[in-house]
Amino acid sequence: RDKSGKINKMYIIKFKYVVRILLRESKYIRKSIVNKLEELQLEINGKKRKKSEDWLKTRLESKIVRRKVTDIIKELIPYAIRQGSNNTKFFYSNYSKLANKTAGIENGTRDKVSMMELNRVAEVENIFTKLIENCMDKEIPYKEIYQICKRKGEELKKVFEVDLIE
């Protein structure tokens with residue numbers, strides 16, 4: 001419907017066809033449409049830049065959280081060695097893989113995922129950090145600490161998979 005309420009046909013066409021139609025219009029019409037397209041392009045670029053800035057801020061925050069996890073794992077390694085572990089070289093990668101799997105992202109893709117996924121991984125890592133810290137305070141064996149994190153990760157994964165639009 002137009003402003004007067006009259007029903008008119010509307011066609012959805014690709015941009016390249018719009019340009020072809022535009023070339024047939026008068027100089028005045030072409031100029032005003034080009035101005036409008038420039039406005040829209042500036043608006044789109046502004047939104048992309050804002051989104052990019054927000055994503056970078058979220059990524060930086062997730063790196064800070066990741067640093068906390070690596071710090072607690074750094075404490076976990078001597079703790080595990082005191083309990084008889086001879087193989088602690090994979091602790092960092094094992095906990096990282098577990099966090100990524102829980103959050104539903106592939107390993108090595110944090111620089112490519114959405115803000116929501118970055119926040120999800122950060123939340124998982126925060127939880128794992130607290131779990132490891134609390135378990136070490138309670139002198140729980142290092143192998144059991146990983147299993148506790150794994151079980152908690154499975155619970156969180158179920159929460160993340162809930163379809164909120166049912």
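Since the structure is predicted, the reported quantities are computational estimates derived from the model, not experimental observations. (Residues numbered from 1 in each chain as written. Predicted model: local features only at pLDDT ≥ 70, side-chain atom pairs only at ≥ 80, totals over all residues. Heavy atoms only, no water.)

Trainee: Would you mind showing me how to read the overall build of the protein chain here?
Mentor: Regarding its fold elements, the protein chain presents five helices and zero strands. Taken against the 2.2 N^0.38 rule, which gives 15 Å for 166 residues, the C-alpha radius of gyration of the protein chain at 26 Å runs more than 25% over that of a compact globule. Considering only C-alpha atoms, the protein chain reaches an extent of 85 × 30 × 20 Å along its principal axes. Among the 166 residues that make up the protein chain, the fraction classed as buried is 28%. Summed over its atoms, the accessible surface of the protein chain is roughly 12900 Å², and 55% of this surface lies on carbon and sulfur atoms. (Helix = DSSP H or I, 4+ residues; strand = E, 2+ residues; numbered from the N terminus. Rg over C-alpha atoms; globule rule 2.2 N^0.38 Å. Buried < 20%, exposed > 50% of the residue type's maximum accessible area, 1.4 Å probe, protein only. Areas by Shrake-Rupley, 256 points an atom, 1.4 Å probe, with all protein chains shown as cover.)

Trainee: Could you clarify how one ought to interpret helix α4 (residues 115-137) in this entry?
Mentor: Residues spaced three or four apart along an α-helix point in a common direction, a consequence of the helix completing one turn every 3.6 residues. Spanning 23 residues, α4 covers 33 Å between terminal C-alpha atoms, matching the ideal 33 Å at 1.5 Å per step. Against α2 (27-82), α3 (91-103) and α5 (142-160) lie the buried residues of α4. Immediately downstream of α4, the backbone of Glu 139 shows phi near 60°, a positive value. (Expected span 1.5 Å × (residues − 1). Contact = heavy atoms within 4.5 Å.)

Trainee: Explanation requested: the environment of Ile 13 in the structure shown.
Mentor: Here Ile 13 lies in the segment before α1 (15-23). Each residue touching Ile 13, except ones within four places of it in the same chain, is listed here: Val 18 and Ile 21.

Trainee: I tried to follow the packing of aromatic side chains on my own but got confused; where do I start?
Mentor: Geometrically, a pair of aromatic rings is defined through the distance of the ring centres and the angle of the planes. One pass over the full model with this rule turns up two aromatic pairs. Here Tyr 95 and Tyr 146 contribute two aromatic rings whose centre-to-centre distance is 5.2 Å and whose plane-to-plane angle is 80°, an arrangement assigned as edge-to-face. Linking Tyr 95 in helix α3 with Tyr 146 in helix α5, this pair joins segments that are 51 residues apart in sequence. Using a relative accessible area of 5% as the deciding quantity, one classes Tyr 95 as buried. Relative accessible area serves as the criterion here: at 24%, Tyr 146 is assigned to the partly exposed category. (Phe/Tyr/Trp six-rings, centres within 6.5 Å; stacked < 30°, edge-to-face > 60°.)

Trainee: Which parts of the structure should I look at to understand the nonpolar core?
Mentor: When a protein is soluble and globular, its nonpolar side chains tend to lie buried together. Counting 28 residues, the largest nonpolar core has Leu 76, Ile 132 and Ile 145 as the members making the most contacts within it. Those elements giving two or more residues to this core turn out to be α2, α3, α4 and α5. Not counting residues up to four positions away in its chain, the partners in contact with Ile 145 are Leu 76, Tyr 79, Tyr 95, Ile 132, Cys 135, Met 136 and Ile 140. (Core = buried A, V, L, I, M, F, W, Y, C linked by side-chain atoms within 4.5 Å.)

Trainee: Would you explain a negative patch on the surface in this entry?
Mentor: Among the surface-exposed residues, Glu 75, Glu 133, Asp 137 and Glu 139 lie close enough to one another that they form a single negatively charged patch. Summarising the element assignment, Glu 133 is placed in helix α4. (Patch = residues over 30% accessible without salt bridge, like charges linked within 9 Å, V, L, I, M, F, W, Y side chains within 5 Å. Salt bridge = Lys/Arg side-chain N within 4 Å of Asp/Glu carboxyl O. Lys, Arg positive; Asp, Glu negative; His and termini not counted. Charge placed at Lys NZ, Arg CZ, Asp CG, Glu CD.)

Trainee: Sorry, what's going on with the pattern of salt bridges here?
Mentor: Opposite charge on two side chains lets them pair, provided their charged atoms get close. For the structure on display, the rule yields seven salt bridges. The shortest N-O distance in the salt bridge between Glu 144 and Arg 151 comes to 3.0 Å. With a shortest N-O distance of 3.3 Å, Glu 155 and Lys 152 are connected by a salt bridge. A residue pair is termed a helical-turn pair when its members lie 3 or 4 positions apart in one helix, as Glu 155 and Lys 152 do in helix α5 at three residues. A relative accessible area of 30% means that Lys 152 is categorised as partly exposed. The network of salt bridges with common partners includes Arg 66, Arg 110 and Glu 125.

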